[in-house]
Every structure is written in C-alpha cells, then in structure tokens.
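Residues per chain, in single letters:
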Amino acid sequence: GHASASGNYGHASASGDEGHASASGYKGHASASGDEGHASASGNYGHASASGDEGHASASGNYGHASASGDEGHASASGYKGHASASGDESIACTLGIQSKSKADKGWLIIVDWRMDNDYNYHIHDIHRAKVGLHKINGVLIEPDTWYWFENGVLRSKK
C-alpha cells in the first residue's frame, strides 16, 4: 500500500509488505508498518514511524521525530531538536540537527556535535558513532534505551 498527504496537519498511513507513507507540511505524520515499510515526514513537527523488518523512517524540519522498529530498521531526523529512535539488531538511529536526540535499544547511534562560534553561528565539530552497549562517545558508554545529544560540546543523556 502507498499513502501520501501534504499540507497542514497532513496524515499518511500504509501497512503491508513494501508499504510506503509520506507526509509533508506543517505537523505532518507518516506511518508505515510491515516488511520493508518506509515512512517520511517533512516540515516542522513532522513525525515518521516505520515498523517491521528493514523499516525506514525519516523526519526533516524542526522538532521532527523519526522512529523505526524491527531488525535493520533505520531512523533519521534532521533539523533543530529532532529525535530519532531505532530498535532491533543492526538498526541505526541517526540525528543530524542541532541538539537533536538519538536513542537505540540495540544497534548503532550517530550523533552530530554542533558548536556555536563567537558570532553565534553553528558549525559541526565532530560526528560520533557508537554501537549500543559496546562503544563510548567522549568517554561515556552508550547504553540502551537512553536519549543522547550534544549541547555546547557536552554529551547529554536522559533515560
């Protein structure tokens, strides 16, 4: 199944094998479930969710949220204070925006360390990756089911 919605408060949902869902615009929502599901939401406060093996979820825009569950699921959020969550083996939770948060039960985290210069411009200082329960970022062991993000060069976390 395929579903698409655009415009304010748009919603899109798709379920079944190889389902795709896309929503764009203010407060868009997209959800896909089933094998190889894909969900994409763009615009401020967008939400994207994908469940099932090899599910992919992507959210762009400020305060976007992306969630993927199942083996080899991928969740990506870009934009200011976005959130990405992934569960399952070989999953990846990736946040690219300033003060954006990543969380994974298993799998990998990718977090960008943005820093502000004296002219109040943000620049990428470093990009970190870690396998949950195995690797450290800035000396901190990355634990499962914990949100991680950078603020002014300091790795923060919250259960």
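Before reading further, recall that the structure is shown in the block above.
Nothing here was measured: the structure is a model prediction, and the numbers come from that model.

Visitor: Mind showing me how you'd approach the nonpolar core here?
Guide: Generally speaking, a soluble globular protein has its nonpolar side chains buried in company with each other. Counting 24 residues, the largest nonpolar core has L109, I111, I137, I142 and L155 as its most contacted members. Put simply, the parts of the chain that give this core at least two residues each are strand 5 (38-42), strand 6 (47-51), strand 7 (56-60), strand 8 (65-69), strand 9 (74-78), strand 10 (83-86), strand 13 (108-116) and strand 17 (147-151). Setting aside residues up to four positions removed in sequence, I111 forms contacts with T95, S102, D126, I127, H128, I137, Y148, W149, F150 and L155.

Visitor: Mind showing me how you'd approach the environment of E151 here?
Guide: Note that E151 resides in strand 17. According to the relative accessible area criterion, E151 is partly exposed, its value standing at 25%. Along the backbone, E151 and S100 are 51 residues apart, and their C-alpha atoms lie at a distance of 9.3 Å. If we skip the residues at most four places from it in the chain, E151 touches Q99 and R156.

Visitor: Is there a simple way to think about the environment of G46 in this case?
Guide: Residue position: G46 is located in the loop between strand 5 and strand 6. Each C-alpha atom of the pair G46 and A77 lies 9.8 Å from the other, and the pair is 31 residues apart in sequence.

Visitor: Please clarify how the pattern of salt bridges should be interpreted in this entry.
Guide: Proximity of charged atoms lets side chains of opposite charge pair with each other. Tallied over the full model, the rule gives four salt bridges. A salt bridge links K103 to D145; the nearest nitrogen and oxygen atoms lie 3.4 Å apart. Of this pair, K103 sits in strand 12 (residues 101-104) while D145 sits in the loop between strand 16 (140-141) and strand 17; the two residues are 42 residues apart in sequence, bridging distant segments of the chain. Overall, the relative accessible area of 16% leaves K103 in the buried class.

Visitor: Teacher, can you tell me more about the pairing of strand 10 here?
Guide: Note on strand geometry: in a regular strand, side chains alternate between the two faces of the sheet. Here strand 10 shows two buried faces, one formed by H83 and S85 and the other by A84 and A86. One ladder, built from four bridges, connects strand 8 with strand 10; its direction is parallel. Residue pairing across strands places S67 opposite S85, the latter belonging to strand 10. As judged from the four bridges shared by strand 10 and strand 12, these two strands associate in the parallel manner. In the sheet register, S85 faces strand 12, and the bridge partner there is K103.

Procedures and definitions
- Residues numbered from 1 in each chain as written.
- Predicted model: local features only at pLDDT ≥ 70, side-chain atom pairs only at ≥ 80, totals over all residues.
- Heavy atoms only, no water.
- Core = buried A, V, L, I, M, F, W, Y, C linked by side-chain atoms within 4.5 Å.
- Buried < 20%, exposed > 50% of the residue type's maximum accessible area, 1.4 Å probe, protein only.
- Helix = DSSP H or I, 4+ residues; strand = E, 2+ residues; numbered from the N terminus.
- Contact = heavy atoms within 4.5 Å.
- Salt bridge = Lys/Arg side-chain N within 4 Å of Asp/Glu carboxyl O.
- Pairing = 2+ DSSP bridges.

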